[in-house]
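The lines below spell out each chain.
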Amino acid sequence: GPKVLQIPSHQIIDMGQMVTLNCDPVSNHLYFYWYKQILGQQMEFLVNFYNGKVMEKSKLFKDQFSVERPDGSYFTLKIQPTALEDSAVYFCASSLDRGREEVFFGKGTRLTVV
Amino acid sequence: SQWGEENLQALSIQEGEDVTMNCSYKTYTTVVHWYRQDSGRGPALIILIRSNEREKRSGRLRATLDTSSQSSSLSITAAQCEDTAVYFCATDSGGNNKLTFGQGTVLSVIP
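Residues numbered from 1 in each chain as written. Chains lettered and ligands numbered in written order. Predicted model: local features only at pLDDT ≥ 70, side-chain atom pairs only at ≥ 80, totals over all residues. Heavy atoms only, no water.

**Student:** Would you mind going over the confidence of the model for chain A with me for this structure?
**Tutor:** Low pLDDT means the predicted atomic positions in that stretch should not be read closely. This prediction gives chain A a mean pLDDT of 93; 98% of its residues lie at or above 70. When mean pLDDT is taken per element in chain A, strand β11 (residues 109-113) of chain A scores highest with 98 and strand β6 (residues 53-57) of chain A scores lowest with 93. (pLDDT = per-residue confidence, 0-100. Helix = DSSP H or I, 4+ residues; strand = E, 2+ residues; numbered from the N terminus.)

**Student:** Would you mind going over the layout of surface pockets with me for this structure?
**Tutor:** Of the voids in this model, the largest pocket is the one considered here, and its volume is about 970 Å³. Forming the walls of the largest pocket are 38 residues, and the residues nearest its centre are Q37(B), D38(B), R41(B), G42(B) and P43(B). Within the residue set of the lining of the largest pocket, elements represented by two or more residues are β1 (5-7), β9 (88-95) and β10 (104-105) of chain A together with β3 (31-37), β4 (44-50) and β8 (85-91) of chain B. Grouping the amino acids of the lining of the largest pocket by side-chain chemistry returns 18 nonpolar, 13 polar and seven charged. (1 Å grid on protein atoms, 1.4 Å probe; cavity = no way out; pocket = protein on both sides within 12 Å on 5 of 7 lines; lining within 4 Å. Points joined across faces, edges and corners; volume = space filled by probe spheres on them. Nonpolar A, V, L, I, M, F, W, Y, C, P; charged D, E, K, R; others polar.)

**Student:** What exactly am I supposed to notice about the sheet that holds strand β6 (residues 61-66) of chain B here?
**Tutor:** Through backbone hydrogen bonds, the strands of a sheet pair up, either in parallel or in antiparallel fashion. All names here are of chain B. Pairing is antiparallel across the open sheet formed by four strands, whose spatial order is β2-β7-β6-β5. This sheet does not close on itself; its edge strands, each paired only once, are β2 (19-24) and β5 (55-58). Between one strand and the next, the sheet's axes are offset by a mean angle of 15°, whatever the strand orientation. Sheet topology places β2 next to strand β7 (residues 71-76); six bridges connect them, and they run antiparallel. Within β7, the position partnered with N22 by the bridge is S73. (Pairing = 2+ DSSP bridges. Axes fitted to C-alpha atoms, helices over the stretch in contact; angles between N-to-C directions.)

And the structure:
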């Protein structure tokens, strides 16, 4: 079936450094999402993105976070600077349309901030 | 039940048994998604039930939705070892795929 690819699968970074998480969404999808999952907890919505713009973001989407998809390439989540509490698994997702439609998730990038 | 402040739920059953996992939600939703997540993988949709549906089946899976009580259930008939996974329900109150996930149920099916 359709696949969302996330690169890398695991990243370790020093606190205060910048990190970019990359996502290759399903090719014909138009809506893109990032979710955050701390170990043992439920997945939580961070942001959704359509037509080059953030549509909605949660309170977890701090000022240090940004997303973009330049020229239809990777959909990226950038954290600058990183903090210890940013350690989590970040899942990228995409969908063809909004609402009531299947959302396809990647395998996640495990981010460890040390 | 998957909502509220409960910790991750865990169920352990024998192969061949039936199991039902419940999910209650707090706000109106147009759809309930049921996902399974295998270790080291992202969530994969297994059933999506819309607010105008009371029941939906897919193979050995059956989902129900009761909008009046704001609850949904996922049943697996004759569970198999490969059904071992974490199962999440998720709601979409805004209709824009801003999903709110439950805590999840860790299902272990023992041979």
